[in-house]
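Analysis of the macromolecular model
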Amino acid sequence: MPPAIEATGLTKTYGDVRVLDTLDLHVPRGTVFALLGPNGAGKTTTVRILATLTAPDAGHARVAGHDVVTARSRVRRAISLTGQFAAVDENQTGTENLRMAARLSGLSRPAATRRATELLERFGLTEAGDRLTKTYSGGMRRRLDLAAGLVRDPGTTQVMFLDEPTTGLDPRSRQELWQAVRELSDAGTTVFLTTQYLEEADRLADRIAVLGKGRTLAEGTPAGLKARYAAHRLDVVAHDEESRLRLAALAGPTAAHDPEARTLGIPTDGSAGHVRELLDVLDPERRDIARFSLHTATLDDVFLALTADNRPRTADKTLTADQEPSHV
């Protein structure tokens, strides 16, 4: 079986800005793949190209086995796209929204009714099906949006693109949407996810790629990326605000900052020698650090380590992290 998504050398320029710069991607079928990166890294442009909404200036991409430029209609029949904002008609009920989407997708009236009923049940919206969607919570709207992307016959949606699907949602709504994504993946749908929430990628993704200025800075499993780029994190708590500022000046761009807690997190290999070295560099006069602790790294630490120096890299310097060490 070919991969669900395969891209080689994707390049896209808007004016003087090169948004994508020879980007490569490989997404196996039936997995959840998360694309991370700072604002302007090229995440949404990547989704638009793969979903046939924008043509690349150079490079090639295949989705569900079809070329995104020469076989756009075949790609579109195999994918679903959910953008950053829920695209539902607030003056229709949930059921009416799904019936309309199904009819626009070519289903007969009876088939559209059956499919709407199935999807309302699948996404936990049966009781709200007859309510106007303007009365829905943010999480309910997003679930309805996901359902609308799956109105075609079951199994025809091979790849689902979710562009920052939980932005602005409350924690409970995010949890509900995460469950829906897991169910999609378990049913065999490949999910391609862009997100600004690193916890979201950690919880959902089988593999993650981190973008920087249109290129892949690193790719691998969540555990593999943590082990390779930020196996541990040294958290230091400053005595006061002046101490925190002095520590921040010495910590470097890869440090995570929590000003309210007067805490800085610095990547480390976890060895006693490196921890002692960091403490000596940060606080040589023993006046600024009130206490410290050592933690297993998070994706936040990986993200900061990779994007601290966010200059374009050549394709042969793309980093990979495929091994999941037993200690993570």
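What counts and what doesn't
Residues numbered from 1 in each chain as written. Predicted model: local features only at pLDDT ≥ 70, side-chain atom pairs only at ≥ 80, totals over all residues. Heavy atoms only, no water. Axes fitted to C-alpha atoms, helices over the stretch in contact; angles between N-to-C directions. Helix = DSSP H or I, 4+ residues; strand = E, 2+ residues; numbered from the N terminus. Parallel < 35°, antiparallel > 145°, perpendicular 65-115°, else oblique. Left-handed = near helix turned anticlockwise from the far one by under 90°. Contact = heavy atoms within 4.5 Å. Nonpolar A, V, L, I, M, F, W, Y, C, P; charged D, E, K, R; others polar. Buried < 20%, exposed > 50% of the residue type's maximum accessible area, 1.4 Å probe, protein only. Pairing = 2+ DSSP bridges. Right-handed = clockwise from strand over helix to strand, strands pointing away. Salt bridge = Lys/Arg side-chain N within 4 Å of Asp/Glu carboxyl O.

Time to look at the packing of helix α5 (residues 138–148) against helix α6 (residues 171–186). Relative orientation and spacing of two packed helices are given, respectively, by the angle between their axes and the distance between those axes. It is the contact of α5 with α6, at a shortest axis distance of 9 Å, that shows an interaxial angle of 20°. On the basis of the axis angle, α5 is roughly parallel to α6. Between α5 and α6 lies a crossing whose hand is right-handed. Contacts between α5 and α6 pair Gly139, Arg142, Arg143 and Leu146 from the former with Ser173, Glu176, Leu177 and Ala180 from the latter. Its residues assigned to classes, the contact of α5 with α6 comprises three nonpolar, two polar and three charged.

We now examine the pairing of strand β7 (residues 159–163). Across the five residues that make up β7, a large majority, five, are buried. Alternating positions in β7 separate into two faces, Val159, Phe161 and Asp163 on one and Met160 and Leu162 on the other, with burial throughout. Taken together, the four bridges between strand β6 (residues 79–82) and β7 define a ladder with parallel strand orientation. Within β7, the position partnered with Ser80 by the bridge is Met160. Note: β7 against strand β8 (residues 190–194), five bridges, orientation parallel. By the bridge assignment for β8, Val159 is matched with Thr190. You can see the chain leave β7, run along α6 and come back into β8, and the turn it takes is right-handed.

In this structure the tally under the stated criterion is 13 salt bridges. Between Asp235 and Arg233 there is a salt bridge, with its nearest N and O atoms 2.7 Å apart. In terms of burial, Asp235 and Arg233 fall into one category: buried. One continuous salt-bridge network, built from bridges that share partners, spans Arg18, Asp21 and Arg215.

With that out of the way, let us pick up the packing of helix α3 (residues 94–104) against helix α4 (residues 109–122). Here α3 crosses α4 at 130°, and the two axes come no closer than 8 Å. Taken together, the axis directions place α3 and α4 in an arrangement best described as oblique. As α3 packs across α4, the resulting crossing turns out to be right-handed. Along its contact with α3, which presents Gly94, Thr95, Leu98, Arg99, Ala102 and Arg103, the element α4 presents Arg109, Ala112, Thr113, Ala116, Leu119 and Leu120. Of the residues contributing to the contact of α3 with α4, the split by class is six nonpolar, three polar and three charged.

Taken in spatial order, the four strands make up an open sheet running β2-β1-β4-β5, and their pairing is antiparallel. Strands at the two margins of the open sheet, each flanked by one partner only, are β2 (17–27) and β5 (66–67). Sheet topology places strand β1 (residues 5–14) next to β2; seven bridges connect them, and they run antiparallel. Looking across to β2, one finds that Ala7 is bridged to Leu25. Against the sheet, helix α1 (residues 43–50) engages β1, β2 and β4 (58–63), with an angle of about 60° to β2.

What follows concerns the side chain of Thr82. Mapped onto the elements, Thr82 comes out in strand β6. Non-local contacts of Thr82, meaning those with residues more than four positions away in its chain, are made with Arg142, Asp145, Leu146, Met160, Phe161, Leu162 and Asp163.

Now for α1. Burial of α1 is extensive: six of the eight residues sit out of reach of the surface. Of all the residues in α1, the buried ones are Lys43, Thr45, Thr46, Val47, Ile49 and Leu50.

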